[in-house]
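Letter by letter, the chains look like this.
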Amino acid sequence: MTRAVVLGGGLAGVLAATVLAGHADEVVLVEGDRYPSGPRPRRGLPQSHHSHVLVAGGARALDALLPGTVDALLADGAHLRDLPGDALIYSADGWFRRLHTGAHLISCTRGLLDQVVRRRALGGGDVEVWEDTRALGLSGDEVRVTGVSVSRQGSPPESVRADLVVDATGRRSQSPRWLAEIGAADIEEVSVATGLAYATRLYRAPGDLAATIPAIMLHPGTEKGRPARGATLFPVEDGRWIVTLTGTRGGEPPTDEQGYAAFARSLRHPIVADLMAEATPLGVVRPYRDTVNRRRFFERARLPAGFAVVGDAAVAVNPIHSHGMSVAALGALRLREELTRHGIGPSLFAGLQAALAEEAERSWRMAVEQDTQRAGQQAGRRAGGRVEERAGDRVAERAGDLVAERAGRDGAPRREPNAFEREIRTRLAQAKLSSPRLAAEFFGVQTLISAGTATDRSEIARVLTGRPEPLLTDEEAIGQYPALAAWRRTRLAAATG
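Here we summarise the structure given alongside this text.

Calculation rules
Residues numbered from 1 in each chain as written. Predicted model: local features only at pLDDT ≥ 70, side-chain atom pairs only at ≥ 80, totals over all residues. Heavy atoms only, no water. Helix = DSSP H or I, 4+ residues; strand = E, 2+ residues; numbered from the N terminus. Buried < 20%, exposed > 50% of the residue type's maximum accessible area, 1.4 Å probe, protein only. Areas by Shrake-Rupley, 256 points an atom, 1.4 Å probe, with all protein chains shown as cover. Pairing = 2+ DSSP bridges. Axes fitted to C-alpha atoms, helices over the stretch in contact; angles between N-to-C directions. Contact = heavy atoms within 4.5 Å. Phe/Tyr/Trp six-rings, centres within 6.5 Å; stacked < 30°, edge-to-face > 60°. Lys NZ or Arg CZ within 6 Å of the ring centre and 35° of its normal. Salt bridge = Lys/Arg side-chain N within 4 Å of Asp/Glu carboxyl O.

1. Some details on the overall build of the chain
Line of reasoning, step 1. Tallying secondary structure elements over the chain gives 16 helices and 21 strands in all.
Line of reasoning, step 2. Looking at the chain as a whole, 58% of its 497 residues are labelled buried.
Line of reasoning, step 3. Total accessible area on the chain stands at roughly 19,800 Å², and carbon and sulfur atoms take up 50% of it.

This is how it looks when you write it as structure tokens:
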């Protein structure tokens, strides 16, 4: 009788447990806290109060794992917005034109998404959930993990036998220490700072705009000598909006009432500040500073058989890029593929961690490229340099690499494309989409902000939106969304008496 134990009851852990339930006789999900009774923030999830969107690739992966989940989210009040057809986007080069591409995002609170997923994944009883249970360490040795030590509801430690232990405990994972304690090899770790901070607040939206408003994204500008600052406003369930203000070092958004409003008012366009002024604040402003990209290269170590790491516990990127939930779903799909091919046994363990790392590789590269360049541009602007020019064509190279065939290139051996690449190629074949737009579809338009040279950014914007010249004026851009334009006209008329 095979048993799998999953440590961590967040999205990555729940999806991993769901997949394992189809291949193990018994699956135990260990959650350190208690789940909330409704769609509320979960203790133990540092970003639970902040903006979360599920981009198209992640939404499809989630539906492949748990069919009907996207429809259930929408039925419970989540919003679907086409990119950029239902999104008012102000890039560094100007306003995007409204164009329906098939790329989209799903916007709701993280509490709602987690509740819907848990209900569909855990409601059937195939997974045994141990809440308020703390993982203490691994059992076994450097050759084989045989289980895990836990403390249930503060009771003395107990050992739980397992044929497979999966760590899904997120950024706070203790796996490197646990592995060292049983004599396994050290884990290489790399961190890439972003210099980015953000702050989030929920609002009760005006009734006439609550559901009709587009997603709004004000990307940072490129003013010399100034920190990069931006904002997003997304509609979420129950007639609310979630607003996130972002800033790089020296321009972090404040958390007091007046400072938060003033920061929004100081951005390149006042649309988010104007909407905030019309809405009713709900709760406090919540800051977030842990935006470091961090990767633990478990796949490079000689891991003991019977152990794997998924989600942010292995690869955690800057949350502003909106990769995390989609990569968790794609990783769970890859876990399912590997289990279907090998079952739980020696042939699975030999390559499982490398397969999971492969699914996160694109996310890591894109996030690090973007954040390293942003930090370089900030340093260059402070020094009066021209860092943007030194970046050259890396953006086009990275976007193109998403769909490049590796067979025969530079003598690289032929290999089967992973699930992520297969999905990209399928979408390209169906819609003849360009690689920059595919990047936007899978990882969110945030990944393309301030990327490359000014010429690179202009070309990306042109390909992504089909935008002809001349650029849109403020009025033309907002006028693409009738309800928003009518509200703004009324507000301006009232202001001028």
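2. Comments concerning the sheet that holds strand β2 (residues 26-30)
Within a beta sheet, neighbouring strands are joined by backbone hydrogen bonds and run either parallel or antiparallel to one another.
Line of reasoning, step 1. Strand order across the open sheet formed by five strands is β8-β2-β1-β12-β20, with parallel pairing between neighbours. At either end of the open sheet lies a strand with only one pairing partner, and these are β8 (128-130) and β20 (307-309). Neighbour to neighbour, the strand axes of the sheet diverge by 20 degrees on average, direction disregarded.
Line of reasoning, step 2. With three bridges joining them, β2 and β8 adopt parallel strand pairing. Of the residues in β8, the one forming a bridge with L29 is V129.
Line of reasoning, step 3. Contacts between helix α1 (residues 11-20) and the sheet are confined to β1 (3-7), β2 and β12 (164-167), with β2 contributing the most and set at about 175 degrees to the helix.

3. Some remarks on the pairing of strand β11 (residues 158-161)
Line of reasoning, step 1. Alignment of strand β10 (residues 145-152) against β11, held across four bridges, turns out to be antiparallel. By the bridge assignment, V148 is partnered in β11 with V160.
Line of reasoning, step 2. Once β10 ends, the chain turns through five residues before running back antiparallel as β11, passing Q153 with a positive phi of about 50 degrees.

4. Description of unusual backbone geometry
Line of reasoning, step 1. The phi dihedral of D132 falls on the positive side, at around 50 degrees, and the residue is not glycine.
Line of reasoning, step 2. Overall, the relative accessible area of 32% leaves D132 in the partly exposed class.

5. Considering the packing of aromatic side chains
Each pair of aromatic rings is reported with the distance of its centres and the angle of its planes.
Line of reasoning, step 1. Going through the model one piece at a time under the given rule, you end up with two aromatic pairs.
Line of reasoning, step 2. Consider the rings of Y90 and W95, whose centres lie 4.2 Å apart with planes at 10 degrees: the pair is stacked.
Line of reasoning, step 3. Owing to a relative accessible area of 15%, Y90 belongs among the buried residues under this scheme.
Line of reasoning, step 4. Directly above the aromatic system of W130 lies the positively charged group of R152, at a separation of 3.8 Å from the ring centroid.
Line of reasoning, step 5. R229 extends its terminal NZ or CZ atom over the ring of F263, reaching a point 5.4 Å from the ring centre.

6. Here we look at the pattern of salt bridges
Line of reasoning, step 1. Here the structure, examined in full by the defined rule, presents 24 salt bridges.
Line of reasoning, step 2. Two residues, D86 and R98, come together in a salt bridge whose shortest N-O distance is 3.3 Å. With D86 in the loop between β4 (79-82) and β5 (87-91) and R98 in the loop between β6 (94-95) and β7 (104-107), this pair connects stretches of sequence that are 12 residues apart.
Line of reasoning, step 3. Overall, the relative accessible area of 34% leaves R98 in the partly exposed class.
Line of reasoning, step 4. A salt bridge links R334 to E358; the nearest nitrogen and oxygen atoms lie 3.0 Å apart. In this pair, R334 is assigned in helix α8 (residues 324-342) and E358 in helix α9 (residues 346-383), connecting sequence segments 24 residues apart.

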